[in-house]
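Commentary on secondary and tertiary structure
Listed below are the residues making up each chain.
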Amino acid sequence: AVAKNEQLIQSQRVKAALVVNPHTPRLVAMGLLKFLYLFDLAQVTLAPAVPAEIKRLAEDQILNRIEQLPVGQQIALARRGSARVAAGLLQLGQEPVIPAALDNSFLTETALLGVLRRDELPELVVERIARHPKWSVRYDVRLQLVRHPLTPLAVALGFLPDIKVADLRLLVIDKRMPPTLRDYVRAEAGRRGRRRRRKADSSLRSE
């Protein structure tokens, strides 16, 4: 009834309140999304009671606009947006936006790994992830960074000692791996394999 009231529905605040209300019919909420301001859409993506489909559509609308936004608005969104929005802003590679997106409390490892699976990324994005105090210590992030062609060689080599032997062997046959780094990975896997065999032999002799 509120959505059909021509006088009430003219209010931007009423539109935004209807979209985040869990009792608003799905089609009504979907129709109102296109009238919301950018940061109202951001609130929709984070509201716990909003259905996942509505959140996804709100994120789509934000992501369709981000390239045209002033850097200041991009930074604000990178700090306060959902994981998907933060990941989308990260991919743009804007110098002041990258740290804001990486420090976003809603950014998830899954969303970040999705960014790193893209070969066509600004090199600065890969470098900042590789040096970030929170994300660079995550095992799966390190593994994806070693695999990424834009990761600085020195950084990738620093991660190799922490990569499991089974994963090193998979990296050797990974087509994304740069040839130079592939040789280091192969050598690390071989060295680790020899060390394991020596320990096994030593253990047998002691028995």
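Structure report, in brief. (Residues numbered from 1 in each chain as written. Predicted model: local features only at pLDDT ≥ 70, side-chain atom pairs only at ≥ 80, totals over all residues. Heavy atoms only, no water.)

One finds Leu90 and Ile129 to be the most contacted residues of the largest nonpolar core, which totals 61 residues. By residue number, the principal contributor to this core is helix H6 (residues 83–92), which donates six residues. The residues touching leucine 90, leaving out its near neighbours within four places in the chain, are Ile98, Ala101, Leu102, Leu112, Val115, Val125 and Ile129. (Core = buried A, V, L, I, M, F, W, Y, C linked by side-chain atoms within 4.5 Å. Buried < 20%, exposed > 50% of the residue type's maximum accessible area, 1.4 Å probe, protein only. Helix = DSSP H or I, 4+ residues; strand = E, 2+ residues; numbered from the N terminus. Contact = heavy atoms within 4.5 Å.)

Further remarks concern the pattern of salt bridges. Enumeration over the complete set of coordinates arrives at twelve salt bridges. Across the pair arginine 147 and aspartate 174 runs a salt bridge, and its minimum N-O distance is 2.6 Å. Here arginine 147 is found in helix H10 (residues 139–147), whereas its partner aspartate 174 is found in the loop between helix H12 (165–172) and helix H13 (179–206), with 27 residues between them in sequence. Here arginine 147 falls in the buried class, since its relative accessible area comes to 16%. Note that arginine 186 is salt-bridged to aspartate 183, the shortest N-O span being 3.1 Å. (Salt bridge = Lys/Arg side-chain N within 4 Å of Asp/Glu carboxyl O.)

Okay, the side chain of asparagine 104 next. Relative to the elements of secondary structure, asparagine 104 occurs in the loop between helix H7 (97–102) and helix H8 (109–116). Residue asparagine 104 is classed as buried on the basis of its relative accessible area, which comes to 2%. Among the polar contacts listed, one links the side chain of asparagine 104 to the backbone nitrogen of phenylalanine 106, at a separation of 2.5 Å. When residues no more than four places from it in sequence are discounted, the contact partners of asparagine 104 are Leu77, Ala78, Arg79, Arg80, Gly81, Ser82 and Ala86. (Polar contact = N/O pair within 3.5 Å; in protein donor to acceptor, adjacent residues only side chain to side chain.)

Relative to each other, helix H3 (residues 38–46) and helix H5 (residues 71–80) sit at 10°, their axes nearing to 11 Å. With respect to H5, the axis of H3 lies roughly parallel. Remark: the crossing between H3 and H5 carries right-handed chirality. Side by side, H3 and H5 meet where Leu38, Phe39, Ala42, Gln43 and Leu46 of the first sit next to Gln73, Ala76, Leu77 and Arg80 of the second. When the residues that make up the contact of H3 with H5 are grouped by side-chain class, the tally is six nonpolar, two polar and one charged. (Axes fitted to C-alpha atoms, helices over the stretch in contact; angles between N-to-C directions. Parallel < 35°, antiparallel > 145°, perpendicular 65-115°, else oblique. Left-handed = near helix turned anticlockwise from the far one by under 90°. Nonpolar A, V, L, I, M, F, W, Y, C, P; charged D, E, K, R; others polar.)

Evaluated as defined, the whole model comprises zero aromatic pairs. Here the basic side chain of lysine 15 rests over the ring of phenylalanine 35, its NZ or CZ set 5.8 Å away from the ring centre. (Phe/Tyr/Trp six-rings, centres within 6.5 Å; stacked < 30°, edge-to-face > 60°. Lys NZ or Arg CZ within 6 Å of the ring centre and 35° of its normal.)

Looking at H5, one finds that the buried residues are Gln74, Ile75, Ala76, Leu77 and Ala78. Residues of H5 that are buried make contact with H3, helix H4 (52–65), H6 and H7.

By the element assignment, arginine 182 lies in helix H13. Despite its burial, arginine 182 pairs with no opposite charge; the closest candidate is aspartate 183, at 6.1 Å N-O. A polar atom in the side chain of arginine 182 sits 2.4 Å from the backbone oxygen of valine 172. The residues touching arginine 182, leaving out its near neighbours within four places in the chain, are Leu171, Val172, Ile173, Asp174, Lys175 and Met177. (Lys, Arg positive; Asp, Glu negative; His and termini not counted.)

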